[in-house]
Amino acid sequence: MTLHRVARFTDVPENQGLEVQIEQRKILLLKVGDQLRAYQGECPHAGAPLAEGALCNGRLTCPWHKAQFRIEDGGLCEPPALDSLKRYPIEVRDGEVWVDDQALRDAHTPPADDARTFVIVGAGAAGTAAASALRELGFGGRVLLIDREAGAGYDRTVLSKFVIAGETPPEEIPALRDDDFYREQRIERINAEVTSLDCANRTLQLSDGQSLQYDAALLATGGAPKQLELPGADLPQVFVLRSRAHAQQILESARPGQHAVIIGDSFIAMESASALRQFGLEVTVLARQPVPFAKQFGETVGKAILALHQANGVVYRAEGEATQIEGTHKVEAVRLDNGQRLPADLVLVGIGVSPATAPFADLPQEKDHSLRVDGGMRVTDGLWAAGDIATFPLNGQPCRIEHWRLAQQQARIAAANMLGGDEHYLDVPYFWTWHFGKNYDYLGHAQSWDEVEFKGDPFKPPFIGLFGKNGLVIAAVACDEERNMAMLAERMKQPLPVDNAWRLIRDAP
Ligand code: FAD
């Protein structure tokens, strides 16, 4: 334990963190009233520099993926981080700030003092967050985390950004939690498929013949990629992308110089176009919309992202539907309904996902096969659902949203309520998407708007765009405007007039 002089008290700004270093370690200094706090300098989620985040309403928001922490004690408020910030002892002497190089000890594992068994089905974004949250909230009973995928519980979002770009090898995809965590927290991982659920008897059936009884269960089985129903769709080089195994299959097949045809203009389709192009393939996107993402980001940003793809050599075709994948033993071409033939060595299908709820056929399901939950993510007595399978009330409207951070937020709410809490989703949905080295951030879930205004040029980031309805901000989209988006992630939780938002952006540090 050694104290290091890192700054002068007056160096730490009022409304922003200051990053200092002790040897190689980055430390964040924050002002809390007339006191200082020292926390780890990088976000526990993906290593973002927290000094570039926003301080607002007693919370620090991470600039990259909008995890939130309490300024007072570094406690985790919102994912995608799953841990609170490490805190370092700090002293101020004669205006000089001294920080210890040893963090205070982390919270311990709750004692095994509860006879209940909680089961989580699906160890993806939501399932892993729920398991962590149960322990964080002090649950001492059994936690069973079931997934059909061996090694589940990794960052799925990198598959279409860095893995099939050849940048991150599949075996190096970051795990959401390491083995020590599961062991120390007594989270029992079961690699099996859940095949059915008997809700009345609180029993789950597994593919290996086991049946499991639970006191409370969370269903978090995510989405299954929609498959093409065309002649030739079963050829071996026709891929979807949801899992590490899918990414591995694509990488085993793809070679620089080959032709890839991507069917669909979804986020995963377009991110994959960017990644495969980066890997050196010739990429054609067969789209249904003339401008990608126009529905979510508006025409201008959609066109700007399209231009970025085209400048990087992606061919984007919005005319002609695929009618057949040609080839005898391997993919040779995609045939379109206008007679055209696009040569192809591989086809990637990115036309959306369906909620993976087949084992829960006995539960009432929505038209899209999702499970309807109440504001506390509850399906029925003893049963909760979160993530891509859940239709939940957002501002009073039933809604199903496929975002990583939202799945984890819902999971944390479900975990609290499984323990008798009464939490509801009150936040602003957020997601990010990555194209040719540019990260686009989006806050909100707007179906329509009556005004949109930009600061900066979407064709030449940085830019930030605000979508307004009846004078209030209902969504924001940006690239390279991280601190402002972090600030808005917090501010948009309350009704925010568009004029006020622009003022906050103008006055931001
Ligand atoms: P998942 O994370 O899919 O987890 C579900 C788990 O359940 C899986 O591990 C699955 O194996 C398991 N499972 C399913 N059925 C069973 C069963 N019967 N028995 C046992 N286990 C079962 N969102 C963003 O916000 N930003 C992004 O940049 C982004 N990029 C993405 C990139 C890709 C390639 C993909 C596929 C998705 C991306 N998303 C992104 C969406 C995001 O990943 C999902 O919204 C999120 O993973 C949903 O979490 P979930 O827990 O509901 O499902």
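Thresholds applied
- Residues numbered from 1 in each chain as written.
- Predicted model: local features only at pLDDT ≥ 70, side-chain atom pairs only at ≥ 80, totals over all residues.
- Heavy atoms only, no water.
- Domains from an automatic or database assignment.
- Core = buried A, V, L, I, M, F, W, Y, C linked by side-chain atoms within 4.5 Å.
- Buried < 20%, exposed > 50% of the residue type's maximum accessible area, 1.4 Å probe, protein only.
- Helix = DSSP H or I, 4+ residues; strand = E, 2+ residues; numbered from the N terminus.
- Contact = heavy atoms within 4.5 Å.

Engineer: How should I be thinking about the domain arrangement of the chain in this particular structure?
Structural biologist: Many authors give the size of an interface as the accessible area that is lost as the parts come together. One can read the domain layout of the chain as domain 1 (3-100), domain 2 (117-224 + 354-418), domain 3 (238-351) and domain 4 (446-507). Put simply, the middle of domain 2 and the middle of domain 4, counted by C-alpha atoms, are 32 Å apart.

Engineer: Just checking my understanding: could you explain the nonpolar core for this structure?
Structural biologist: In summary, soluble globular proteins display a tendency toward joint burial of nonpolar side chains. Counting 81 residues, the largest nonpolar core has Leu 219, Phe 392, Leu 443 and Leu 488 as the members making the most contacts within it. With 8 residues, the top contributor of residues to this core is helix H7 (residues 404-418). Each of two domains, domain 2 (117-224 + 354-418) and domain 4 (446-507), supplies a minimum of three residues to this core. Not counting residues up to four positions away in its chain, the partners in contact with Phe 392 are Val 373, Met 377, Gln 397, Pro 398, Cys 399, Ile 401, Leu 406, Gln 410 and Tyr 425. In terms of nonpolar packing, the next biggest core, distinct from the first, is built from 45 residues, Tyr 154, Val 163, Ala 247 and Ala 260 among them.

Engineer: Explain unusual backbone geometry to me, please; I cannot follow it from the model alone.
Structural biologist: Working note: non-glycine residues mostly have negative phi, and peptide bonds are mostly trans. In this model, Pro 79 is joined to Pro 80 through a cis peptide bond whose omega is 15°. Note on placement: Pro 80 falls in the loop between strand E8 (76-78) and strand E9 (87-88). At the junction of Pro 461 and Pro 462, the peptide bond is cis and its omega measures out at 15° in the coordinates. Counting through the fold element by element, Pro 462 comes out in strand E37 (residues 460-469). In this model, Asp 94 sits at a positive phi of 50°, which is unusual for a non-glycine residue. Tracing the sequence through the fold places Asp 94 in the loop between strand E10 (90-93) and strand E11 (96-100). Within the chain, His 369 stands out as a residue other than glycine whose phi angle is a positive 75°. Within the secondary structure layout, His 369 lies in the loop between strand E28 (353-355) and strand E29 (371-372). On the basis of relative accessibility, which here comes to 45%, the residue His 369 falls in the partly exposed class.

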